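Observations on the three-dimensional arrangement
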Amino acid sequence: MNFDFLNYQKFYNSSIGNLLAHHIEFKLKKYCCLHNHQNIGCFGYSLPYLNFLKNYNLTLSYCYSKRMGISNENIHQTNKVLIDEDRVPFQDSSFDHAFLIHYLENTYNLKLSLREIWRTLAPEGKLYLIVPNKKSSWYISGKSPFSSGIGFSKNQINNLLNDSFFEIQSIKRLVYFPNKNFFIVKKHKDLIEKLGSFFFKYFNGVYLCIVKKKIYANLTSQIGLKKSLIKSITKKI
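Description of the structure in this document.

Reading guide: rules and limits
- Residues numbered from 1 in each chain as written.
- Predicted model: local features only at pLDDT ≥ 70, side-chain atom pairs only at ≥ 80, totals over all residues.
- Heavy atoms only, no water.
- Helix = DSSP H or I, 4+ residues; strand = E, 2+ residues; numbered from the N terminus.
- Buried < 20%, exposed > 50% of the residue type's maximum accessible area, 1.4 Å probe, protein only.
- Contact = heavy atoms within 4.5 Å.
- Areas by Shrake-Rupley, 256 points an atom, 1.4 Å probe, with all protein chains shown as cover.
- Core = buried A, V, L, I, M, F, W, Y, C linked by side-chain atoms within 4.5 Å.
- Phe/Tyr/Trp six-rings, centres within 6.5 Å; stacked < 30°, edge-to-face > 60°.
- Lys NZ or Arg CZ within 6 Å of the ring centre and 35° of its normal.
- Pairing = 2+ DSSP bridges.
- Salt bridge = Lys/Arg side-chain N within 4 Å of Asp/Glu carboxyl O.

A look at the overall build of the protein
When helices and strands are counted, the protein shows eight helices and seven strands. A buried classification covers 49% of the 237 residues belonging to the protein. Taking all contacts inside the protein whose residues are at least 6 apart in sequence as the whole, residues at least 24 apart take part in 69%. Per element, the accessible surface of the protein, about 12800 Å² overall, is 55% carbon and sulfur.

Some thoughts on unusual backbone geometry
For H37, which is not glycine, the phi dihedral falls at a positive 70 degrees. Along the chain, the position of H37 falls in the loop between α2 (15–28) and β1 (39–44). Unlike most non-glycine residues, V175 shows phi in positive territory, near 75 degrees. Here V175 shows up in the loop between β6 (166–174) and α6 (183–187).

A few points about the nonpolar core
Grouped together as the largest cluster of nonpolar side chains are 40 residues, with contacts concentrated most on Y12, L20, Y49, L50, L53, Y62 and F99. For this core, the secondary-structure elements that each account for two or more residues are α1 (5–12), α2, β1, β2 (59–65), β4 (95–101), β5 (121–132) and β7 (206–213). Of all the elements, α2 adds the most residues to this core, at six residues. Among residues more than four places away in sequence, those in contact with L20 are F11, Y12, Y49, W138, P145, F146, V175 and F177. Listed in part, the 27 residues of the second largest apolar core include F90, I117, L121 and I171.

Examining the packing of aromatic side chains
Applying the stated rule across the entire model yields 14 aromatic pairs. With centroids separated by 6.4 Å and ring planes inclined at 75 degrees, the aromatic side chains of F52 and F99 adopt a geometry described as edge-to-face. Of this pair, F52 sits in the loop between β1 and β2 while F99 sits in strand β4, and the two are 47 residues apart along the sequence. For F52, a relative accessible area of 7% translates into the label buried. The interplanar angle of 90 degrees and the centroid separation of 6.0 Å between the aromatic rings of W138 and F177 together place this pair among those described as edge-to-face. Of the two residues, W138 sits in helix α4 (residues 137–140) while F177 sits in the loop between β6 and α6, which places them 39 residues apart along the sequence. You can call F177 buried: its relative accessible area is 1%. An aromatic cluster is present here, built from F3, Y8, F11, Y12, Y45, Y49, W138 and F177 joined pairwise through their rings. Just above the ring of W118 sits the side chain of R115; from NZ or CZ to the centre is 4.4 Å. Seen from the ring of W118, K213 lies directly overhead, with NZ or CZ sitting 4.2 Å from the centre.

Description of the pairing of β1
Two faces make up the sheet, and in a regular strand the side chains alternate between them. Among the six residues in β1, five count as buried, and that is most of the element. The pairing of β1 with β4 spans five bridges and is parallel. If you follow C42 over to β4, its bridge partner there is F99.

Concerning the pattern of salt bridges
A side chain of one charge can pair with a side chain of the opposite charge when the charged atoms of the two come close. A complete count under the given rule lists seven salt bridges for this structure. Between D84 and R87 there is a salt bridge, with the nearest N and O atoms lying 3.5 Å from each other. D92 is the partner of R119 in a salt bridge, and the nearest nitrogen-oxygen pair spans 2.8 Å. Highlighted residues: R119 in helix α3 (residues 110–120) and D92 in the loop between β3 (78–83) and β4, separated in sequence by 27 residues.

Set out below in structure tokens:
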């Protein structure tokens, strides 16, 4: 099932949706080093997670895929843009930072979509992604916003980002509390997170990925590949 913006709105207007957004936003903003007058690209349905951006004087562009549809929410002093994922309508190096939330897992072509994000990021620009863990109940449950699209393992997202010319700075496992609107979940969320990360480490709901745009190839790996090719040719001779 693929969500449109109305499905996302409905979930994040619920109490469990608010709990999830506040929990992830609290973790996310710790890794963001923002400055006034920067250009920020927000891709997917990212609004519930980015309230902290109001603390800065930024130029914000909220970008929605045509499959999701454009949100009818009133976002003060921002651009709202309907985009094709493989042809993002921004110039090269437009954004100092970009956020991808409910975006990558819903794209038709992962590599082309990431290539467009890479193109629109400034050199050394930061990219923050939140993607579903395919082993988690948040991905399996049809009532979860992270059940839309495809899920990832940590190795899959790691390889995908490396192959797309991003330098991985951190991949964090987040969200161990269930997608249940129970009082005990709200009251003991932090305890559930601690216990879950210890006993059920690999069943986190989402991955928070912090990466940086690379503007050069990995010369070390290329040199190593050339050496191994030379050795194999020498042996044959």
